[in-house]
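Here is what each chain is made of, one letter per residue.
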Amino acid sequence: MLAYSYKQYGSPDVIKQVTLPQPTPKPNEVLIRIFATTVSAGDWRARSLTMPKGLGIMGRVVFGLRGPRKPILGTEFSGVIEAVGANVTHYQTSDAVIGFPGAAFGAHAEFITMPANGKLTLKPDNISFEHAAAIPFGATTAYDFLVNKAKLQRGETVLINGASGSVGSACVQIAKHLGAHVTAVCSGGNAEMVRTLGADHVINYRAQNVVEKGTQYDMVVDTVGTLPWAKAKHAIKRGGKMVLIAGITSDMFFGSLKARLAGKKMVGGVASEDRDILEAVVILAHQGVFQPVIDRSYAFEDMKAAHAHVDTGRKKGNVVVTVTSQDRTRSPIEMELQSKDVVYA
Ligand SMILES: NC(=O)c1ccc[n+]([C@@H]2O[C@H](COP(=O)([O-])OP(=O)(O)OC[C@H]3O[C@@H](n4cnc5c(N)ncnc54)[C@H](OP(=O)(O)O)[C@@H]3O)[C@@H](O)[C@H]2O)c1
């Protein structure tokens, strides 16, 4: 099979197309033919080893001390089950699925194996393969932080910094679904898009102060790392929460203490990669409550260009890569027709 592999950290040039043996599923695994994947912020961090200032060594501990531990990037995908292991009962060949290998990576390839009870779920037929591939990374992060960790409530006011990114655009939609009043922060060119996603108010961070005197929120969510506690604290009501999805190193270590001393709370850490959360966001997508934003779509051969676009730090939502297998016998449209008519409650 064709895949993209890297042996050293660096620019998109470190990514090389390679031919590898097609993996074989173990008894509890399924083999998936990947139809679409994305280049996510997770891929960018792992490839370039870009970490918040002072955390470079932690990046090496996570991604590999001397060089990348996981040679194939790709945190999320959609595809079709090609083969099932001997013990797998709840998937069969031709099932269309959405997978979230997440920190295990491996989706920048024509095939991947995953445990059948892992972060994998059936793809509803009203979601295209392209959109399906762009669901897991942003939406599970947004869902885990807003719903599970910060417990955003109906009627609360929330400021979302980085509202046009993959995580931010999912935060806007999920916060609206939860019944919050959303103020979205992005550049002027993305204002209309985030309004379309449901934002009630938009702040153009290039033209206005993000933290305006006299305006306070129940929750401030930073998905960029440009709203440190020292600045954000003025915009959070007493008893309110700062949600640190991306942030500066000192806030990661001391933010909770600083927030507590100010009568506020900081919610941070790493998003849980969990099958239940994946299923929850796929249900929201199936219901039309959440739709992943797709900025650009690239062919598999243009993987480097996809990385280069993500490296600009300006992508809108998600960058999708369509994986076209040389020996693929069915067209994407035929595969779409074969996807299961999934019924969700
Ligand atoms: N804690 C966790 O577990 C966790 C999980 C997933 C992701 N993350 C982190 O979350 C961050 C966001 O991920 P992502 O996938 O959403 O990234 P992304 O899609 O690459 O974010 C790009 C967006 O950032 C916006 N942006 C850039 N500078 C900005 C600024 N100064 N103010 C406001 N918006 C700005 C851009 O909007 P404009 O073009 O409009 O400026 C662009 O739309 C990454 O650092 C990622 O590592 C953390």
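(A) How the structure looks around the packing of aromatic side chains. Evaluation of the coordinates by the stated rule reveals 5 aromatic pairs. Both rings, one in Y4 and one in F300, keep their centres 5.0 Å apart while their planes meet at 80°; by these two values the pair is edge-to-face. One end of the pair, Y4, is in strand β1 (residues 2-5); the other, F300, is in the loop between β14 (294-299) and α10 (303-311), with 296 residues separating them in the sequence. On the accessibility criterion, Y4 (6% relative accessible area) is buried. Overall, F300 belongs to the buried group, its relative accessible area being 0%. When the ring of Y6 is compared with that of Y9, the centres are 6.4 Å apart and the planes differ by 70°; the resulting orientation is edge-to-face.

(B) Main features of the domain arrangement of the protein chain. The assigned domain composition of the protein chain is domain 1 (2-135 + 292-338) and domain 2 (137-267). Between domain 1 and domain 2, the C-alpha centre-to-centre distance is 28 Å. On the domain 2 side, the residues contacting the 17 residues of domain 1 number 17 residues. The junction of domain 1 with domain 2 conceals about 1,300 Å² of combined surface from both sides, 57% of it contributed by carbon and sulfur atoms. At the boundary of domain 1 and domain 2, one finds 0 salt bridges.

Cut-offs used in this document
Residues numbered from 1 in each chain as written. Predicted model: local features only at pLDDT ≥ 70, side-chain atom pairs only at ≥ 80, totals over all residues. Heavy atoms only, no water. Phe/Tyr/Trp six-rings, centres within 6.5 Å; stacked < 30°, edge-to-face > 60°. Helix = DSSP H or I, 4+ residues; strand = E, 2+ residues; numbered from the N terminus. Buried < 20%, exposed > 50% of the residue type's maximum accessible area, 1.4 Å probe, protein only. Domains from an automatic or database assignment. Contact = heavy atoms within 4.5 Å. Buried area = accessible area lost by both parts, 1.4 Å probe. Salt bridge = Lys/Arg side-chain N within 4 Å of Asp/Glu carboxyl O.

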